[in-house]
Amino acid sequence: LLNKIFSFSKNLNQKYSSISNLKNEKTTSLLFSAIENYSESSEIRYVGGCVRKILNKEKVNDIDLAANIEPKSLSKALERNKVHYYESGIEHGTITAIINKEKFEITSLRKDISTDGRHAVVEFTDNWYEDASRRDFTFNSIYSDLKGNLYDPFNGKKDLENGEIKFIGDPEKRIKEDYIRILRYIRFFLNYSKKKHDNKIIKIIKKNISGILKISSDRLLDELKKLILSEGFLKLNKDIFCLEIINLIFPQLKNVNLFKNLNKYARENIASQDFIFLLC
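Bear in mind the structure is a predicted one, so any value in this text is a computation, not a measurement.

Undergrad: So what's going on with helix 11 (residues 240-249)? Residues and values would help.
TA: Among the residues making up helix 11, those that are buried are Phe241, Cys242, Leu243, Ile245, Ile246 and Ile249. The opening residue of helix 11 is Asp239, an N-cap whose side-chain oxygen sits 3.3 Å from the backbone nitrogen of Phe241.

Undergrad: An account of the pattern of salt bridges is needed here, citing residue identities and associated values.
TA: In this structure the tally under the stated criterion is 17 salt bridges. With a closest N to O distance of 4.0 Å, Lys166 and Glu164 form a salt bridge. The partner of Asp178 in a salt bridge is Arg219, with the nearest N and O atoms 2.9 Å apart. Pair noted here: Asp178 is in the loop between helix 7 (171-177) and helix 8 (181-192) and Arg219 is in helix 10 (residues 217-228), with a separation of 41 residues, a long-range link. The class of Asp178 is buried, set by a relative accessible area of 15%. Since its relative accessible area comes to 31%, Arg219 is described here as partly exposed.

Undergrad: Can you lay out the packing of helix 8 against helix 10 for me, pointing to particular residues and giving the numbers?
TA: When two helices pack together, their arrangement is given by the angle between the helix axes and by the axis-to-axis distance. The geometry of helix 8 relative to helix 10 is characterised by a closest axis approach of 10 Å and an angle of 5 degrees between their N-to-C directions. The pairing of helix 8 with helix 10 is recorded here as roughly parallel in orientation. From helix 8, Leu183, Arg184, Arg187 and Leu190 reach across to helix 10, where they touch Leu220, Glu223, Lys226 and Leu227.

Undergrad: Go over the pairing of strand 6 (residues 102-108), please, and point to the residues and values.
TA: Along any regular strand, the residues point their side chains to alternate faces of the sheet. Of the pairings in the sheet, the one linking strand 3 (residues 64-67) to strand 6 comprises four bridges and is parallel in character. Paired with Ala67 across the strands is Ser108, a residue of strand 6. Judged from the six bridges that link them, strand 5 (residues 94-99) and strand 6 form a sheet pairing that is antiparallel. Counterpart to Ile95 in the pairing with strand 6 is Ile106. Between strand 5 and strand 6, which follow one another and run antiparallel, lie two residues, and Asn100 among them has a positive phi close to 50 degrees.

Undergrad: Summarise the side chain of Ser75; cite the residues concerned and give the values.
TA: Inspection of the secondary structure puts Ser75 in helix 4 (residues 71-80). By relative accessible area, Ser75 is classed as buried at 8%. Residues contacting Ser75, with those up to four places away along its chain left out, are Tyr85 and Ile95.

Undergrad: How would you explain the pairing of strand 3 if you had to name every residue and give the values?
TA: As judged from the three bridges shared by strand 2 (residues 44-47) and strand 3, these two strands associate in the antiparallel manner. Among the inter-strand pairings, Tyr46 is bridged to a residue of strand 3, identified as Leu65.

Undergrad: Residues and numbers for unusual backbone geometry, please.
TA: Positive phi, close to 50 degrees, is recorded for Asn100, a residue that is not glycine. By the element assignment, Asn100 lies in the loop between strand 5 and strand 6. Of note, the phi angle at Asn155 is positive, near 55 degrees, even though the residue is not glycine. Summarising the element assignment, Asn155 is placed in the loop between strand 10 (149-151) and helix 6 (156-162).

Undergrad: Give me the lowdown on a nonpolar patch on the surface, citing residues and values where you can.
TA: Judged by side-chain polarity, Leu221, Ile276 and Leu279 come together as a nonpolar surface patch covering roughly 240 Å² of accessible area. Among the secondary structure elements, Leu221 is positioned in helix 10. The partly exposed category is assigned to Leu221, whose relative accessible area is 41%.

Rules behind the numbers
Residues numbered from 1 in each chain as written. Predicted model: local features only at pLDDT ≥ 70, side-chain atom pairs only at ≥ 80, totals over all residues. Heavy atoms only, no water. Buried < 20%, exposed > 50% of the residue type's maximum accessible area, 1.4 Å probe, protein only. Helix = DSSP H or I, 4+ residues; strand = E, 2+ residues; numbered from the N terminus. Polar contact = N/O pair within 3.5 Å; in protein donor to acceptor, adjacent residues only side chain to side chain. Salt bridge = Lys/Arg side-chain N within 4 Å of Asp/Glu carboxyl O. Axes fitted to C-alpha atoms, helices over the stretch in contact; angles between N-to-C directions. Parallel < 35°, antiparallel > 145°, perpendicular 65-115°, else oblique. Contact = heavy atoms within 4.5 Å. Pairing = 2+ DSSP bridges. Patch = residues over 30% accessible without salt bridge, like charges linked within 9 Å, V, L, I, M, F, W, Y side chains within 5 Å. Areas by Shrake-Rupley, 256 points an atom, 1.4 Å probe, with all protein chains shown as cover.

In structure tokens:
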């Protein structure tokens, strides 16, 4: 118990109470309790998009969590507490827990051993910093416990507040690890940036744009859907660089400039529309 308390005190050093309302407290408490009572050192935390969105006062649709135990132990912890789950990506350490018909994706902490621009060979770890270091952008590497204590090793909360889209470490290395990050940069820039594009980032993305050919159609379409249904999508036609990259990756969207013509009602309600309808 003392080891666990000391571990938390080392890195959970900011308080953001709104996170405690992320989901029904009884539901999440059961999940957190199942993992944290598994052993004296086991921990689980919110991570990624759900933390980023609540810090930015956005609506949260999906909840992602990270745990510092391997998938087999993760499964045992859930089984002991009669929590139903299925293996949604066990080779990469991900399982999906189901409580009261709500789904929670839990991934064991990882570090990359090798990458090819599309897939990564991973090794499980119990080190939160190693897991954070393999993520793409600083504001996607923020973790939180159930009460809203934050672990933010790359100052992502500050970057989110300042509207800065910062890769973790070397931007080119991050992109070459997974070329889908080019599209993720476009989406996050349109949604969160308060700055101009860094010329260095522009050059790196243009230099590596052909890497998109390694990405499957399914992943590209999924990322396009997230972009079109995001609040920042209508800024696309106003950003020359973002529009250029989207036209290169999706030449089929030659009429995307039609979105300039939306009236006020359409602009306010576009995110609630069907993706296929908008695509058409």
